[in-house]
Amino acid sequence: MSPGIEAALRDFLATDEDPVEGALIVARILDADADVDWAREEVAAIADRVAVADRHGPFTPTDLVAAVAAEGFKGAGDRYYEVDNSILDRVLRNRRGIPISLGVVLIGVARHLGFDAQGVNFPRHFLVTIDDLLVDPYAVAPTTLENCRKWLADNNVGEQGAFDLTRPKDVVLRMLNNARILIQNRGDFVRALDISDYQLLVVPDYYGLYVERADAWLGLNAPEMVVEELEKAAERAPDEKTAERLRERIAQAKRLGGSEVN
């Protein structure tokens, strides 16, 4: 880990206030040359332009979302599965992103203008609330609870937790997870492990992250490290059934590594 970025992340976690600042730390983790000062200024500049957009009557959350869409922001389309979509300064320059990065832009602009804006930890598709308006950031448009509940039903996903508001640290964790999975799936296990080091600062006791790290070490043909990560996962497992499955994997990893692994 970079000592400077690690310190910035620890400071951020101590306050856990601003998802834009969290996203800018993510950008630094993913790109050492990320222009975070420009990105911070650009969010403020967008808010200034949005505030003076032509409108009739009071400025509403719906007006705000329409004005951000008019700035050219939209979903990444066929470039959805690219790490650039998790790097905020690139999202701001390209005006393209995935739900969570576009959601951060909307939250940042809305908060600059005095609205109460929060992230919603909807499964597979980050949402945003601006005052009482539910927003689909990928469409840069309002949505409804009914539409979201229909999606949950159509995809056999339970509603429990689906509409929970996020803390800024949850945004950081989810953004890092998106990028790490892409990077790990492309075989860059060393970089994936580096990203997961930062994730462990956010959730040091989440067993699933240790399982993901074990998979990365497996990709690097390091069975001793696979065992070490799985043992940490087993210690943090949420229940005995999960712990038992992990112990079975540990036994398999030890066989893979030979009898010297203990």
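Look a little higher up for the structure.
Computed from a predicted structure; not experimentally measured.

J.: Could you clarify how one ought to interpret the packing of aromatic side chains in this entry?
T.: Each aromatic ring pair is specified by the distance between its two centres and by the angle formed by the two planes. If you walk through the whole model with that rule in mind, you get six aromatic pairs. Note on Tyr80 and Tyr138: the rings are 5.5 Å apart at their centroids and 65° apart in plane angle, and the pair reads as edge-to-face. You can see Tyr80 sitting in the loop between strand S1 (74-75) and helix H5 (88-94) and its partner Tyr138 sitting in the loop between strand S5 (133-136) and strand S6 (141-142), a full 58 residues away along the chain. We classify Tyr80 as partly exposed; its relative accessible area is 24%. The partly exposed category is assigned to Tyr138, whose relative accessible area is 22%.

J.: Help me out: how do you make sense of the pattern of salt bridges in this one?
T.: It is possible for side chains of opposite charge to pair when their charged atoms get near one another. Taken as a whole and judged by the stated rule, the model has 23 salt bridges. As a salt-bridge pair, Asp197 and Arg213 come within 2.9 Å of each other at their nearest N and O atoms. Note that Asp197 is positioned in helix H9 (residues 189-202) and Arg213 in helix H10 (residues 207-219), a separation of 16 residues in sequence. Asp197 gets classed as partly exposed once you look at its relative accessible area, which sits at 26%. For the salt bridge of Arg247 with Glu240, the shortest nitrogen-to-oxygen distance reads 2.2 Å. A residue is classified by how much of its surface remains accessible, and Glu240, at 52% relative accessible area, is exposed.

J.: Got a minute to help me understand the side chain of Arg174 in this structure?
T.: Position of Arg174 relative to the elements: it lies in helix H8 (residues 168-185). One buried charged residue, Arg174, remains without a salt bridge, the closest side chain of opposite sign being Asp170 at 9.0 Å. Leaving out residues up to four positions away in the same chain, Arg174 has contacts with Ile100, Asn121, Phe122, Pro123, Arg124, His125 and Phe126.

J.: Where do I start with unusual backbone geometry in this structure?
T.: The phi angle of most residues is negative, glycine excepted, and most peptide bonds adopt the trans form. You will see that Arg95, though not glycine, has its phi angle at about 60°, which is positive. Mapped onto the secondary structure, Arg95 falls in the loop between H5 and strand S2 (96-97). Residue Arg95 is classed as buried on the basis of its relative accessible area, which comes to 15%. In this structure, Val140 takes a positive phi of about 50° despite not being glycine. Considering the arrangement of structural elements, one finds Val140 in the loop between S5 and S6.

J.: Teacher, can you tell me more about H8 here?
T.: For the α-helix, the turn length of 3.6 residues means that residues three or four positions removed from each other point alike. Over its 18 residues, H8 runs 26 Å from end to end, which matches the ideal 26 Å to within 8%, given 1.5 Å per residue. Looking only at H8, the buried set comprises Pro168, Val171, Val172, Arg174, Met175, Leu176, Ala179, Arg180, Leu182, Ile183 and Gln184. If you follow the buried residues of H8, they end up packed against helix H1 (3-15), helix H2 (19-30), helix H6 (99-112), H9 and H10. Looking one or two residues past H8, Gly187 carries a phi angle of roughly 90°, positive in sign.

J.: Any chance you could explain helix H11 (residues 223-235) here in plain terms?
T.: In a regular helix each residue adds 1.5 Å, so 13 residues correspond to 18 Å; H11 covers 18 Å between its end C-alpha atoms and thus fits that length. Every buried residue of H11 is listed here: Pro223, Val226, Val227, Glu229, Leu230, Ala233 and Ala234.

Definitions and limits used
- Position labels on residues start from 1 in each chain and follow its written sequence.
- Given that the model is predicted, a residue must reach a pLDDT of at least 70 before its local features are reported, and side-chain atom pairs must reach 80 or more before they are shown or counted; all residues, however, enter totals for whole chains, interfaces and linings.
- Only heavy atoms go into the side-chain values, all of them from the structure, while hydrogens and water stay out.
- Between rings of Phe, Tyr and Trp, where Trp is taken as its six-membered ring, a pair exists when centres lie within 6.5 Å; planes separated by under 30 degrees are stacked, by over 60 edge-to-face, and by other angles tilted.
- We count a stretch as a helix when DSSP gives it H or I for four or more residues in a row; a strand needs E for two or more, and each element gets its number in order from the N terminus.
- Each residue is assigned to one of three classes by its accessible area relative to the maximum for its type, calculated with a 1.4 Å probe on protein chains only: buried under 20%, partly exposed between the two thresholds, exposed over 50%.
- Each reported salt bridge corresponds to a side-chain nitrogen of Lys or Arg within 4 Å of a carboxyl oxygen of Asp or Glu.
- The convention is simple: Lys and Arg are positive, Asp and Glu are negative, and His and the chain ends are not counted.
- Throughout, a contact is declared for two residues whenever any of their heavy atoms are within 4.5 Å.
- Multiplying 1.5 Å by the residue count of a helix minus one yields the expected span of that helix.

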